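Topology and contacts: notes
Spelled out, the chains give:
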Amino acid sequence: MPEPIHAVSPLATDIPAGLDVDSIVATVRESGVSAPADEEAALSAAVARAEEHGIDLSIVIVPNEPRHDSQLRDLATAVGAREGGTVLVLSPGQVGTFSDSISRVTLEAGQDRTYTGNHIVAADNFVDTLVEDQTPWGLLTGGLVVVVAAVATLTAVVKARRFRARATVPESANRDSGEN
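Residues numbered from 1 in each chain as written. Predicted model: local features only at pLDDT ≥ 70, side-chain atom pairs only at ≥ 80, totals over all residues. Heavy atoms only, no water.

Here we take up the overall build of the chain. Each helix and strand in the chain was counted, giving seven helices and four strands. Relative to its full complement of 180 residues, the chain shows a buried share of 31%. In the chain, of all internal contacts separated by at least 6 residues, the share reaching a separation of at least 24 is 56%. (Helix = DSSP H or I, 4+ residues; strand = E, 2+ residues; numbered from the N terminus. Buried < 20%, exposed > 50% of the residue type's maximum accessible area, 1.4 Å probe, protein only. Contact = heavy atoms within 4.5 Å.)

Shown next as structure tokens:
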């Protein structure tokens, strides 16, 4: 009898110990922020500022450092899967993000500006990154493609003219120049 084939499934999300995702989602759904009471008002201001720019942002504060920073990304993904939008999760020294509308490049640029040790400053820096003008990579890529195509076309035209010029040189010109 043949061995059964076992499917490989992705690893389950790894949420930091002691956190209740359902409770966090309920709090975020209510106010956009899941944080200690003394930080909630300032973090809500960052959420409101993001909203003014059309960004649906939720902020979650985790009181303790997780074993791995990827746990914060998994928590952000779990909250984002239920609530949608963009989720910023901050612990005392690590960060995780999720978004259904903002590119990973922009999220990571925002994350780089969050390592401040202060959740409120970190959230404001993150929002600053999201709302500032972004490099128009699509436009730059399109422009580069046009330039490369123009250079390739110009090169082909020059080569074709040289080939035709050589082909039309009379045989006597080749003899006069000393070629045999």
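With that out of the way, let us pick up the pattern of salt bridges. Counting across every chain of the model gives six salt bridges. In this structure, Asp128 and Arg49 form a salt bridge, with 2.8 Å as the shortest nitrogen-oxygen distance. Of the two residues, Asp128 sits in helix H5 (residues 119-131) while Arg49 sits in helix H2 (residues 37-52), which places them 79 residues apart along the sequence. When its relative accessible area of 27% is taken as the criterion, Asp128 is described as partly exposed. Here the salt bridges share partners, and the residues they tie into one network are Arg49, Asp124 and Asp128. (Salt bridge = Lys/Arg side-chain N within 4 Å of Asp/Glu carboxyl O.)

Here Tyr115 is to be found in the loop between helix H4 (104-112) and H5. Separated by 22 residues in the primary sequence, Tyr115 and Gly93 have C-alpha atoms spaced 6.5 Å apart. With residues up to four places along the chain from it excluded, the contact list for Tyr115 reads Gly93, Gln94 and Val95.

So, on to the nonpolar core. Grouped together as the largest cluster of nonpolar side chains are 19 residues, with contacts concentrated most on Leu57, Ile59 and Leu88. Residue assignment for this core shows that the elements contributing at least two residues are H2, strand S2 (57-61), strand S3 (86-90) and H5. In terms of residues, this core owes the most to one element, H5, which gives five residues. Not counting chain neighbours up to four residues away, the residues in contact with Ile59 comprise Val28, Gly32, Val33, Ser34, Leu43, Ala46, Val47, Leu88 and Ala123. (Core = buried A, V, L, I, M, F, W, Y, C linked by side-chain atoms within 4.5 Å.)

Quick look at the side chain of Gln71 now. Counting through the fold element by element, Gln71 comes out in helix H3 (residues 70-83). In terms of polar contacts, Gln71 uses its side chain to reach the side chain of Asp14, at 3.2 Å. (Polar contact = N/O pair within 3.5 Å; in protein donor to acceptor, adjacent residues only side chain to side chain.)

Most of S2 is tucked away: five of the five residues are buried. Burial of the side chains of S2 extends over both faces: Leu57, Ile59 and Ile61 are buried on one face and Ser58 and Val60 on the other. In the sheet, strand S1 (residues 33-34) pairs with S2 via two bridges, with the strands oriented parallel. Note on S2: the bridge partner recorded for Ser34 is Val60. On the question of chirality, the crossover connecting S1 to the parallel S2 by way of H2 is left-handed. (Pairing = 2+ DSSP bridges. Right-handed = clockwise from strand over helix to strand, strands pointing away.)

All right, on to the sheet that holds S2 then. Taken in spatial order, the four strands of this open sheet run S1-S2-S3-S4, and their pairing is mixed. A strand with exactly one partner marks an edge of an open sheet, and here the two such strands are S1 and strand S4 (95-99). Along the sheet face, H3 touches S2, S3 and S4 and points at about 30° away from the line of S4. (Axes fitted to C-alpha atoms, helices over the stretch in contact; angles between N-to-C directions.)

Here we take up the packing of H2 against H5. Interhelical geometry of H2 versus H5 gives an angle of 0° and a closest axis separation of 9 Å. It follows that H2 is roughly parallel to H5 by the angle criterion. Note on element contacts: H5 touches H2 through His119, Ile120, Ala123, Asp124, Val127, Asp128 and Val131, opposite Glu39, Ala42, Leu43, Ala46, Arg49 and Ala50. A class-by-class count of the residues in the contact of H2 with H5 yields eight nonpolar, one polar and four charged. (Parallel < 35°, antiparallel > 145°, perpendicular 65-115°, else oblique. Nonpolar A, V, L, I, M, F, W, Y, C, P; charged D, E, K, R; others polar.)

When pLDDT is averaged along the chain, the result is 85; 84% of the residues meet or exceed 70. In this model residues 5-10 is a low-confidence stretch, pLDDT under 50, and it forms zero contacts with partners more than four residues away in sequence or in other chains. (pLDDT = per-residue confidence, 0-100.)

Turning our eyes to something else, we now look at the environment of Gly84. Secondary-structure assignment places Gly84 in the loop between H3 and S3. Using a relative accessible area of 16% as the deciding quantity, one classes Gly84 as buried. A sequence separation of 26 residues divides Gly84 from Ser58, and the C-alpha atoms of the two residues are 9.2 Å apart. Those residues within four positions of Gly84 in sequence are excluded, and the remaining contacts are Asp56, Val79 and Asp100.

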